[in-house]
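Overview (structure and organization)
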Amino acid sequence: MMNFGYDEGGHRVSIGDMRIWRRIARYTFNRWVSFTFAVLLSLAVTGATLAQPWLMQQGIDRYITDINLDATARLIGLSTTALWYCIMVIAVFLLSFLQVVVLEYVGQWIMHSIRQDLFAHMLRLDLNIFNSNPTGRLVTRLTNDIQNMYEMFSSVMVTMFNDLLRLIGILIALYLMNVRLALVMTIFVPISLGLTILFARLARDKFRAIRSQLVKINSFLSEAIAGISILQLFGREKRSRDEFEELSEGYLQRTLSQIKLFGTFMPITEFLGSAAMAMILWYGGGEILRERLTIGELVAFISYMKLFFQPLRELSQKYSIVQSAMASAERIFQLLDTTSAIHEAEQPVSTASHRGELVFDKVCFGYDPKKPVIKDVSLRLRPGRTVALVGTTGSGKTTLVNLLLRFYDPQEGKILIDDTPITKFSLNQLRNMVGVVLQDVLILQDTLLSNIVMDTGKSRSEIEQILTNTGMHRFVDKLPQGLDTMIGEGGKELSTGEKQLLSFARVLCRDPKILVLDEATAAIDTESENILESALADAFTGRTSLIIAHRLSTIRRADHIVVMAGGRIIEQGNHEELIAADGHYAQLVAMDLHNGATTAPA
Amino acid sequence: MKETNSPSHHPANARLKELLGLVRHSFVTHRLRLLLGFIALLAVDFLQLIIPRIIKHGVDGLANANITQIGLMKLGGLILSIALVIAVLRFVWRYLIIGFSRLLEQAVRNRLFRHILKMDAQFFEKYTTGDLMAHSSNDLNAVQMACGMGLVAAVDAFVMSTAAIGFMVHIHGQLTLMALLPMPFLAIFTRILSGRLHRRFATVQEQFSSMTEFARSTLISIRLIKAYTTEKFQTERFGKLGRGYVQSNLRVAVIQGLIFPIATMVGNLGMLLVLWFGGKLVIAGTISIGDFVAFITYLYMLVWPMMAIGWVTNLVQRGLTSLNRIHTLVTSKPALPELENHNLAPIAHPTYSLRELTFFYQNETQPALNDIRLELGPGIHGVTGRTGCGKSTLCRLLARLYPVMDGQLFFDNTDVNTLPVDYIRAHLGYVGQEPILFSDTIAANIALGKPDATQAEIEAAARHAAIHNDIIELSDGYGTLIGERGVKLSGGQRQRLALARALVCDRPLLIIDDGLSAVDVATEHEVFNGLQQRLAGKTVIIVSNRIKLLSMTDRTIILEEGRIAYDGRHDELLKQSSLYRSMYDKQMRQTPIAEPVP
């Protein structure tokens, strides 16, 4: 996998955590038909596997070594046994093939539904969760953690079940043949199990140590490669090399110590296998001398014991998989249990009014309630008017937009659209009424057309109409295949200006009543800027617009300018009034608005 | 272990030799370790083959009723003691041979990193971080597997199968032939299937990464997703990717579902043939029942080597492919001259002369810089121009990140191609467009180029870069961890930190490639004042698009499409360059009350 040893520290979950198992089981129940089928297949495979040594024993005792029967009868009997043996061989082959495929089918679809649930759930969560978790971590939940859980499903629930079934089957077969010899053989059960568990524990720690070192190596490496020019320019090569080689040495030592552990355990299981063989020969041979066991049974015992030791070795390695899978499962379910702090209106009002009046009424808000970033803001945007928000970084402009879209809810005060508090709308209603152009742009790996349409269901001609009306067709015409140009990864790379235009086209396609624009701080190319400006002029008419403005040209276009500082509105009016007042705004303008813009805070 | 049966998959013989040269050193260094390891391995194989002989004796004795309880105990004891020796020897070979593969892995890994550190920017355009990470994890892993388990399995399978077959032939030749009939099929099947498995698995991995990428790009733009209410739309698209992933996994499962059942079936078919023909032979009295049982035990021993043949072939092939990739990487030559730095004396006031400097990026037909003639000595030199005019290229060439032709770039009147790269770099501080910081403390990040810098020096540099006040507000001040697991800094803070890092080195040259773009105007003034104080008498090259900043330099160079369009002081440029004037108008004039700029 493309997981370069991603590992998160934190707590360890025990395998016996029933809550987690119960939730996994719930997903399993949805596929119970296939699941039952898989279990039945398991039973059948085990039965057919264990029948083989028994058939061999029958062949030996009843026909090969039975000198009382005449040769023809012995040969016929042997043939029948061989035929049965052949049937069992083919049955095991077909059944186990079927079993693998069925289990993969069940497992993969279960994981698919968990993944889909989780993805849909994540998109519903409020932004606080996204701020406190790096994107990489959330992505890991969807990919690597689910993958880990799948490993658990396939290797634990499936293999362990199969192996256990087989162990039980073997013991039953042994007891049926010869109780005393079976009793002797039973002492290998606790010894092997104890040893396996002990080894699994030790191996888990070694694995963990190796993995965490690998994470260190990989993050060191990726950082060094990303910053290679800096390392070279500042003459850090030797130090980096030494650091890397130290990490590499640490990794070597850890792998060597793992090899020692495996080198001890693997031979011990093999030794136990040989010891079982010695026991069978000595005690079982004695039983034959006492005429309580046949040679065929002795051979069958040897075969069964070979089958017995096979799964043990694998079992021990699986233990560590289970551990990490349990941790993954817990992280996934924890995230699924996280609820959004933004509550949907239970009975959303119908959006009957279409005026588009926007009111902020004594709004107070802080991402951390103790540190308010919006302090008692009241603002009325009359329908159809354009208001520019102006202020330095951290003055609270972006936060106001976040509140309007209900990415967060204010701690005090309320926001109303056409006299209805926005909490009374459903989130979809609200966000369809308010169209935003944000600075960052999401680009789907698809054609430009589908990037504009997204899920609105608008037709090609409608889009073309909108683009022509606003003069934005000039942007599309520039692209090699017009609306059918593939963009995104592997397609055409759009410039910053073109991305802004795309983003704007999307909003126009949705025809919102209220338009919110977070103007790009970075300079965009002149051509895009010209197109954007004429499209803006068109978009502002007949819409209530709120602009976080960085360009003087945009600010001057606004009907009303609101100056923010430290989370408060400190001045408002039109350009001339504010300049005449010679206050904060005048200062801002003097300090060069265009360049004063810095990256917006989260 | 050379494979010759499928030449199409293999590099030519000479190439193979070259490839193995990469790992030969490790083989030679650890030859004693390997020798002992293989002796232990062979001993294990030999001892393992004895056990069925003992069982045969026992069973024959039982069948003929001429063995006593004491005799059985002796045989059991013999098996036990042989098993004990085997266990010890197994530990020995595992530790020696598998350990060797890890030692080899480490040697190659270190070599890889040493090489990466030497490479220039062109190399990193060809290999992305992802590529290099893949080399260091997946490819190294494949090589390690081939040289460890692959080597063991190959030797083991060869010895075990030859010996086991030998013993079987000794019991009965024809029966051996019968029993072995299905075996070659197993080897062929495993080989075909595991090759196909590998390809299908590669598809799964591709889909896994496109799913990851989709999730990442969605979650990173969560504000947009919510603002446009496209949650359902995105979930459906994700679901489509997920379904494709499930399908590919099922395709893998079909192959996986075949490999082990086939192995089991082939083994069992052999057993069936033994039961049928061997049984007849016992009935006919040709072989004893003890032979029959021993025969079965040998057959068990053969299943694993037969599977191993197919497995090993793939392992070795994959190892060679990976080795090939690593080899290509470590033999790529840096485009910059590799000269030894023989204690050249540092220069106090170095200058750059650019003489008709022309530069092309790889696979580009338009020059990024064209016929540049420029002298850069002490003073502050501004550089500006539109995106793509060659500003950054100029900085990169001065910092020797890309190669230049002979006779075009002179460092203190010496052609740079005759000087060691690290010698030139030791003279300069560099602040790039993207501030690159490392996961470490703030102090360590500032002291990157001068690890022995004192706290006072670090703080002084931070003050001049106007970042000191921001730092002391952090929880642990200069000891605060930044990067992946540490505090997140804003773009402007990161840039000022990168500036402090360059300042602390106190070198005679400073190149700032648009490294103050995210710093706000007020702070920019502060920074510039700090620079002027600290950098008096030094050569400073500063790329920016801000007129305010440019107006404070000693001279500004305007680049247009890779050529120098204008070169002069602020007031001169205002008169001459229409580009400069329009930038000035956009940034300054529009403000009705702005004071006339000096």
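As recorded in an unreviewed UniProt entry, chain B goes by ATP-binding cassette, subfamily B and comes from Desulfopila aestuarii DSM 18488. Under the heading Subcellular location (unreviewed entry), UniProt records this for chain B: "Cell membrane".

You'll find chain A entered in an unreviewed UniProt entry as ATP-binding cassette, subfamily B, with Desulfopila aestuarii DSM 18488 given as the organism. The record held by UniProt for chain A lists under Subcellular location (unreviewed entry) the comment "Cell membrane".

**Describing the overall build of chain B**
When you go through chain B residue by residue, the secondary structure sums to 20 helices and 10 strands. Across its three principal directions, the C-alpha atoms of chain B cover 120 × 65 × 50 Å. The 598 residues of chain B split such that 57% are buried. Long-range pairs, those at least 24 residues apart, make up 77% of the contacts in chain B between residues at least 6 apart in sequence.

**A few points about the sheet that holds strand S4 (residues 409-411) of chain B**
Residue and element names in this part refer to chain B. Taken together, the 4 strands give an open sheet; going across it, the order is S2-S1-S4-S5, and neighbouring strands pair in antiparallel fashion. Looking at the sheet topology across the chains shown, the edges are occupied by strand S2 (369-376) and strand S5 (414-415). Relative to S2, strand S1 (residues 352-359) is paired through 5 bridges, and the arrangement is antiparallel. Counted as the bridge partner of Tyr352 is Leu376 from S2. Most of the contacts of helix H11 (residues 391-398) go to S1, to which it runs at about 120°, and overall it touches S1, S2 and S4.

**Focus on the sheet that holds strand S4 (residues 412-417) of chain A**
All names here are of chain A. Sheet architecture is open: 4 strands sit in the order S2-S1-S4-S5, paired in antiparallel fashion. Both edges of this open sheet fall to strand S2 (374-381) and strand S5 (420-421), since each of them pairs with a single strand only. Where strand S1 (residues 358-365) lies against S4, 5 bridges are found, and the strand directions are antiparallel. Across the sheet, Asp361 pairs through a bridge with Lys414, a residue of S4. Together, S1, S2 and S4 form the strand contacts of helix H11 (residues 397-404), whose direction differs from that of S1 by roughly 110°.

**Here's the deal with helix H5 (residues 129-171) of chain B**
An α-helical turn contains 3.6 residues, so a residue and the one three or four places further along point in the same direction. Along its 43 residues, H5 of chain B runs 60 Å from first to last C-alpha, staying within 8% of the 63 Å computed at 1.5 Å per residue. Along H5 of chain B, the sharpest kink reaches roughly 35°, centred on Gly150 of chain B.

**Thoughts on the environment of Arg501 of chain B**
On the secondary structure map, Arg501 of chain B appears in helix H16 (residues 491-504). Residue class for Arg501 of chain B comes out buried when judged on its relative accessible area of 1%. For the pair Arg501 of chain B and Tyr430 of chain B, spaced 71 residues apart in sequence, the C-alpha separation works out to 8.6 Å. With near-sequence residues (within four places) excluded, Arg501 of chain B lies in contact with Ile230 and Phe234 of chain A together with Ile436, Leu437, Phe438, Asn445, Ile446 and Leu448 of chain B. Within polar-contact distance, the side chain of Arg501 of chain B engages the backbone oxygen of Ile436 of chain B at 2.6 Å.

**Describing the packing of helix H6 (residues 179-186) of chain A against helix H9 (residues 237-289) of chain A**
Geometrically, a packed helix pair is captured by the angle between its two axes and the distance between the axes. Residues and elements named next belong to chain A. The N-to-C vectors of H6 and H9 enclose an angle of 160°; their axes lie 10 Å apart at closest approach. The orientation of H6 relative to H9 falls into the category roughly antiparallel. Between H6 and H9 lies a crossing of right-handed hand. Contacts between H6 and H9 involve Arg180, Leu181, Val184 and Met185 on the former and, on the latter, Ala276, Met279, Ile280, Tyr283, Gly284 and Glu287. Across the contact of H6 with H9, the residue classes tally to 7 nonpolar, 1 polar and 2 charged.

**Comments concerning the packing of aromatic side chains**
Evaluated as defined, the whole model comprises 27 aromatic pairs over all chains. Judged by centre distance (3.9 Å) and plane angle (10°), the ring pair of Phe199 of chain A and Phe265 of chain A falls under stacked. Of this pair, Phe199 of chain A sits in helix H7 (residues 188-226) while Phe265 of chain A is found in helix H9, placing the two residues 66 residues apart along the sequence. Residues Phe199 of chain A and Phe265 of chain A agree in their burial class; the two are buried. Judged by centre distance (5.9 Å) and plane angle (55°), the rings of Phe220 of chain A and Phe113 of chain B are tilted. Taken together, the positions of Phe220 of chain A in helix H7 and Phe113 of chain B in helix H3 (residues 69-118) put the pair across two chains. Both residues of the pair, Phe220 of chain A and Phe113 of chain B, count as buried. Each member of the aromatic cluster is reached from another via a ring pair, and the members are Phe199, Phe207, Phe262 and Phe265 of chain A. In this arrangement the basic side chain of Arg33 of chain B is found over the ring face of Tyr95 of chain B, its NZ or CZ atom lying 5.4 Å from the centre. Just above the ring of Phe410 of chain B sits the side chain of Arg355 of chain B; from NZ or CZ to the centre is 3.8 Å.

**Section: a nonpolar patch on the surface**
A cluster of nonpolar side chains, contributed by Leu164, Ile168, Ile172 and Leu176 of chain A, occupies part of the molecular surface with about 440 Å² of accessible area. Residue placement: Ile168 of chain A occurs in helix H5 (residues 135-177).

How each quantity is defined
- Residues numbered from 1 in each chain as written.
- Chains lettered and ligands numbered in written order.
- Predicted model: local features only at pLDDT ≥ 70, side-chain atom pairs only at ≥ 80, totals over all residues.
- Heavy atoms only, no water.
- UniProt positions renumbered as here; feature names shortened; annotations may be inferred.
- Helix = DSSP H or I, 4+ residues; strand = E, 2+ residues; numbered from the N terminus.
- Buried < 20%, exposed > 50% of the residue type's maximum accessible area, 1.4 Å probe, protein only.
- Contact = heavy atoms within 4.5 Å.
- Pairing = 2+ DSSP bridges.
- Axes fitted to C-alpha atoms, helices over the stretch in contact; angles between N-to-C directions.
- Expected span 1.5 Å × (residues − 1).
- Bend = angle between axes of the 7 residues up to and from the residue.
- Polar contact = N/O pair within 3.5 Å; in protein donor to acceptor, adjacent residues only side chain to side chain.
- Parallel < 35°, antiparallel > 145°, perpendicular 65-115°, else oblique.
- Left-handed = near helix turned anticlockwise from the far one by under 90°.
- Nonpolar A, V, L, I, M, F, W, Y, C, P; charged D, E, K, R; others polar.
- Phe/Tyr/Trp six-rings, centres within 6.5 Å; stacked < 30°, edge-to-face > 60°.
- Lys NZ or Arg CZ within 6 Å of the ring centre and 35° of its normal.
- Patch = residues over 30% accessible without salt bridge, like charges linked within 9 Å, V, L, I, M, F, W, Y side chains within 5 Å.
- Areas by Shrake-Rupley, 256 points an atom, 1.4 Å probe, with all protein chains shown as cover.
- Salt bridge = Lys/Arg side-chain N within 4 Å of Asp/Glu carboxyl O.

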